[in-house]
Amino acid sequence: MRRPRGEPGSRAPRPTEGATSAGPGEPWSPSPSSMLRVLLSAQASSARLSGLLLLPPVQPCCLGPSKWGDWTSGGGLHAGPVQGLQRLLEQARSPGELLRWLSQNPTKVRAHHYPVALRRLGQLMGSRPQPPPVEQVTLQDLSQLIIRNCPSFDIHTIHVCLHLAVLLGFPSDGPLVCALEQERRFRLPPKPPPPVQPVLHGGQRLEAALSCPHFLRHPRQHLIRSLAEARPEELTPHVMVLLAQHLARHRLREPQLLEAIAHFLVVQEAQLNSKVVQKLVLPFGRLNYLPLEQQFMPCLERILAREAGVTPLATVNILMSLCQLRCLPFRALHFVFSPGFINHISGTPHALIVRRYLSLLDTAVELELPGYQGPRLPRRQQVPIFPQPLITDRARCKYSHKDIVAEGLRQLLGEEKYRQDLTVPPGYCTDFLLCVSSNGAVLPVRTQDPFLPYPPRSCPQGQEALNPTTRDPTQRVVLMLRERWHFCRDGRVLLGSRALRERHLGLMGYQLLPLPFEELESQRGLPQLKSYLRQKLQALGLRWGPEGG
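Residues numbered from 1 in each chain as written. Predicted model: local features only at pLDDT ≥ 70, side-chain atom pairs only at ≥ 80, totals over all residues. Heavy atoms only, no water.

If you look the chain up in an unreviewed UniProt entry, it shows as Fas-activated serine/threonine kinase isoform X1 from Chrysochloris asiatica. Under the heading Subcellular location (unreviewed entry), UniProt records this for the chain: "Mitochondrion". (UniProt positions renumbered as here; feature names shortened; annotations may be inferred.)

Here it is, written out as structure tokens:
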């Protein structure tokens, strides 16, 4: 029985010379000759047609009925006719034949056949030696066929057809591209309406500014303006605590903002308890900033006198911040060193941290307050202040210069002539410690006592050749790494805890040799670093090696 013309089951026409075809069930893939045809096409832009070769081949038959809708109305899957129509489209010899296969077999056409037809159309337009003639009416009929059926396409098919149509040169404002673009927009999920921005006033604007992602880059623009626009009653303790914590956490030494916190503390003194005050005072000690507000210290002394016995930990935290500022009030020290206060905190959960802070306060009294005549922390209650490197140094150890400086010292001096991470009484951790004789020779550390006595001995007159504090002819030189995170964010002022450590080590008789991060970062490689360390040590008059003993 003779098959009707145009049925998918009929014999496929023979492809023209040089055209590529796929075997049964295989997708079309371009051969070098077909790629050349596309690139050398005279009827279509080479840039557009070459893009056709970049799209993956269409493989619809393996995707299942849920993707391409290959189920017939009777429920059976006719894979044979569907694949047969795809092969006919891939082997069509002219645009007219493509249109005929699609228009004469409406029950066999699936959505994925239209990208196959567009791909074959591009291949035909790039064939050589002479591309088949393309009539305008054929392209219009093909466009109308796709436009009528594109509402049934899924989003993947719409994207592929839209891309192919653009590459084939269909006008961007033509009916085909417009219809496909409209269907693409319909498939997109609806955009949620923009959130309604609440109207913020005063302190609310300040809270919003604190959470702004650009705060670290432009803190002044956000916060100072919010502070200026806020009325006094809108600046609540909660808002000011947020501001203080943010400044302390990010090491932002902003004088105007810190002065605003100090002024708020003075104005709201009667309404603030010590738990809030400890948070407001925190950035001043951490950022090493003593405010210009004249009532700042008298206000804190009154609060400490009023609240010291109520919240011991908050009281000690306030004194820690003032210790970093070298502004310890004698009356508060009398209270926290009293036997009653010490006995009171002994049985509390935070007894160890309070004893550590009290040990630091006692060290500050010993070294910085020679006129203090009140009670002191009993020796049996004292604990090491900082028995290990600080948390920030441990967290950022991979960014530290400590390892490369240690290697430089090892190659320069030898391992026996320095100690790393040594904790000296009363509990300060040193980066690198050297023992140096009176004539400047670097001595092996194992032959010397690396610790200076604490408390330091008094200095008799007429012994300038000895250590002016310890009367020991051997000097202890401490190399202090000043990393980038040891400073406030402006990079010029040491954080309060770092400045306190260096100050106390110097008062105990250690000779300090700072190594700033700017100088360390400028050294390129270990040879340059060794030369830098040699210059630093020689500037102190130190000698080592055969000539130094």
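## Focus: the overall build of the chain
On a plain count of helices and strands, the chain comes out with 24 helices and seven strands. In the chain, buried positions account for 48% of the 549 residues. For the chain, the share of sequence-separated contacts (at least 6 apart) that also reach a separation of at least 24 residues comes to 72%. Within the structure as shown, the chain displays about 28000 Å² of accessible surface, and the carbon and sulfur contribution to it stands at 54%. (Helix = DSSP H or I, 4+ residues; strand = E, 2+ residues; numbered from the N terminus. Buried < 20%, exposed > 50% of the residue type's maximum accessible area, 1.4 Å probe, protein only. Contact = heavy atoms within 4.5 Å. Areas by Shrake-Rupley, 256 points an atom, 1.4 Å probe, with all protein chains shown as cover.)

## Digging into the packing of aromatic side chains
What the rule picks out here adds up to six aromatic pairs. Taking the centre distance of 5.0 Å and the plane angle of 55° together, the rings of Phe284 and Phe296 count as tilted. Of the two residues, Phe284 is situated in helix 14 (residues 274-286) and Phe296 in helix 15 (residues 296-307); the sequence distance between them amounts to 12 residues. This pair shows no difference in class: Phe284 is buried, exactly as Phe296 is. (Phe/Tyr/Trp six-rings, centres within 6.5 Å; stacked < 30°, edge-to-face > 60°.)

## Topic: the environment of Leu360
Following the sequence through the fold, Leu360 ends up in helix 19 (residues 351-368). In this structure the C-alpha to C-alpha distance between Leu360 and Pro384, which are 24 residues apart in sequence, comes to 8.6 Å. If sequence neighbours within four positions are ignored, Leu360 has contacts with Met320, Ile385, Phe386, Tyr428, Leu500 and His504.

## Some points on helix 22 (residues 496-507)
The terminal C-alpha atoms of helix 22, which comprises 12 residues, lie 16 Å apart, in line with the 16 Å expected from a rise of 1.5 Å per residue. For helix 22, the buried fraction is high: nine of the 12 residues fall into the buried class. Gly496, Arg498, Ala499, Leu500, Arg501, Glu502, Arg503, His504 and Leu505 are the residues of helix 22 that are buried. The first or second residue beyond helix 22 is Gly509, which carries a positive phi of 110°. (Expected span 1.5 Å × (residues − 1).)

## Regarding the pairing of strand 7 (residues 511-516)
Note: strand 6 (residues 475-482) against strand 7, six bridges, orientation parallel. Bridge assignment links Leu481 to a residue of strand 7, and that residue is Leu515. (Pairing = 2+ DSSP bridges.)

## Topic: the packing of helix 14 against helix 16 (residues 312-324)
The description of two helices packed together rests on the angle between their axes and the distance between the axes. The contact between helix 14 and helix 16 brings their axes to 8 Å, and the two run at 20°. The orientation of helix 14 with respect to helix 16, classified from their angle, is roughly parallel. Along this stretch, helix 14 crosses helix 16, giving a crossing that reads as left-handed. Listed contacts from helix 16 to Ser274, Lys275, Val277, Gln278, Val281, Leu282, Gly285 and Arg286 of helix 14 are Leu313, Ala314, Asn317, Ile318, Ser321 and Gln324. Classifying every residue of the contact of helix 14 with helix 16 by side-chain character gives six nonpolar, six polar and two charged. (Axes fitted to C-alpha atoms, helices over the stretch in contact; angles between N-to-C directions. Parallel < 35°, antiparallel > 145°, perpendicular 65-115°, else oblique. Left-handed = near helix turned anticlockwise from the far one by under 90°. Nonpolar A, V, L, I, M, F, W, Y, C, P; charged D, E, K, R; others polar.)

## Quick look at the pattern of salt bridges
Scanning the model with the defined rule gives 15 salt bridges in all. With a closest N to O distance of 3.6 Å, Glu97 and Arg93 form a salt bridge. Note that Arg184 is salt-bridged to Glu181, the shortest N-O span being 2.4 Å. On the criterion of helical spacing, the pair formed by Arg184 and Glu181 is a turn pair, its members being three residues apart in helix 9 (residues 175-187). For Arg184, a relative accessible area of 21% corresponds to the partly exposed category. (Salt bridge = Lys/Arg side-chain N within 4 Å of Asp/Glu carboxyl O.)

## Quick word on the confidence of the model for the chain
Per-residue confidence for the chain gives a mean pLDDT of 79, with 74% of residues at or over 70. At the low end of the mean pLDDT range in the chain sits helix 1 (residues 32-39), at 35; at the high end sits helix 14, at 97. Low pLDDT (under 50) marks residues 1-78, which in the prediction has 130 contacts with non-local residues, meaning those over four places away or in another chain. Throughout residues 459-465 the model reports pLDDT below 50, and contacts reaching past four residues in sequence, or to other chains, amount to three contacts. (pLDDT = per-residue confidence, 0-100.)

## So, the pairing of strand 6
Counting buried residues in strand 6 gives six out of eight residues, a clear majority hidden from the surface. Sheet analysis places strand 4 (residues 432-436) next to strand 6, joined by five bridges and oriented antiparallel. Bridge assignment links Val436 to a residue of strand 6, and that residue is Gln475. Regarding the hand of the β-α-β motif, the stretch spanning strand 6, helix 22 and strand 7 is right-handed. (Right-handed = clockwise from strand over helix to strand, strands pointing away.)

## What about the nonpolar core?
One recurring pattern in soluble globular proteins: nonpolar side chains tend to sit buried together. Counting residues in hydrophobic clusters, the biggest one holds 75 residues, and the most contacted among them are Leu265, Leu280, Leu328, Phe337 and Leu358. Residues within four places of Leu328 in sequence aside, it is in contact with Leu319, Leu322, Cys323, Leu333, Leu361, Ala364 and Leu369. Counting 35 residues, the second largest nonpolar core, distinct from the first, contains Leu99, Leu102, Ile146 and Val177. (Core = buried A, V, L, I, M, F, W, Y, C linked by side-chain atoms within 4.5 Å.)

## Considerations on helix 7 (residues 136-149)
Here helix 7 is 14 residues long and its end C-alpha atoms lie 20 Å apart, about the 20 Å a rise of 1.5 Å per residue gives. What helix 7 keeps buried is the set Thr138, Leu139, Leu142, Ser143, Leu145 and Ile146. Mapping the buried residues of helix 7 onto a view down its axis gives an arc of 160°, with all of them on the same face. Facing away from the buried side of helix 7 by more than 90 degrees, the exposed set consists of Gln136 and Arg148. Those residues of helix 7 hidden inside the fold are in contact with helix 5 (95-103), helix 6 (113-125) and helix 9. (Arc of directions from axis to C-beta.)

## Re the side chain of His504
Note on placement: His504 falls in helix 22. With relative accessibility at 0%, the residue His504 sits in the buried group. Aside from chain neighbours lying at most four places away, what touches His504 is Leu360, Thr363, Ala364, Leu367, Glu368 and Tyr428.

## Topic: the environment of Ile404
Within the secondary structure, Ile404 sits in helix 21 (residues 402-412). When the C-alpha positions of Ile404 and Gly525 are compared, they lie 8.9 Å apart, and in sequence the two are 121 residues distant. When residues no more than four places from it in sequence are discounted, the contact partners of Ile404 are Leu526 and Leu529.

## Observations regarding unusual backbone geometry
Cis geometry is found at the peptide bond from Pro425 to Pro426, where omega equals 5°. Positionally, Pro426 belongs in the loop between strand 2 (423-424) and strand 3 (428-429). Tyr454 connects to Pro455 through a cis peptide bond whose omega is 0°. With respect to the helices, strands and loops of the structure, Pro455 is situated in the loop between strand 5 (442-443) and strand 6. Here the phi dihedral of Asn288 falls at roughly 55°; this positive angle occurs in a residue that is not glycine. Asn288 sits in the partly exposed class, given a relative accessible area of 25%. The backbone phi angle of Asp421 is positive, close to 55°, even though this residue is not glycine. Among the secondary structure elements, Asp421 is positioned in the loop between strand 1 (419-420) and strand 2.

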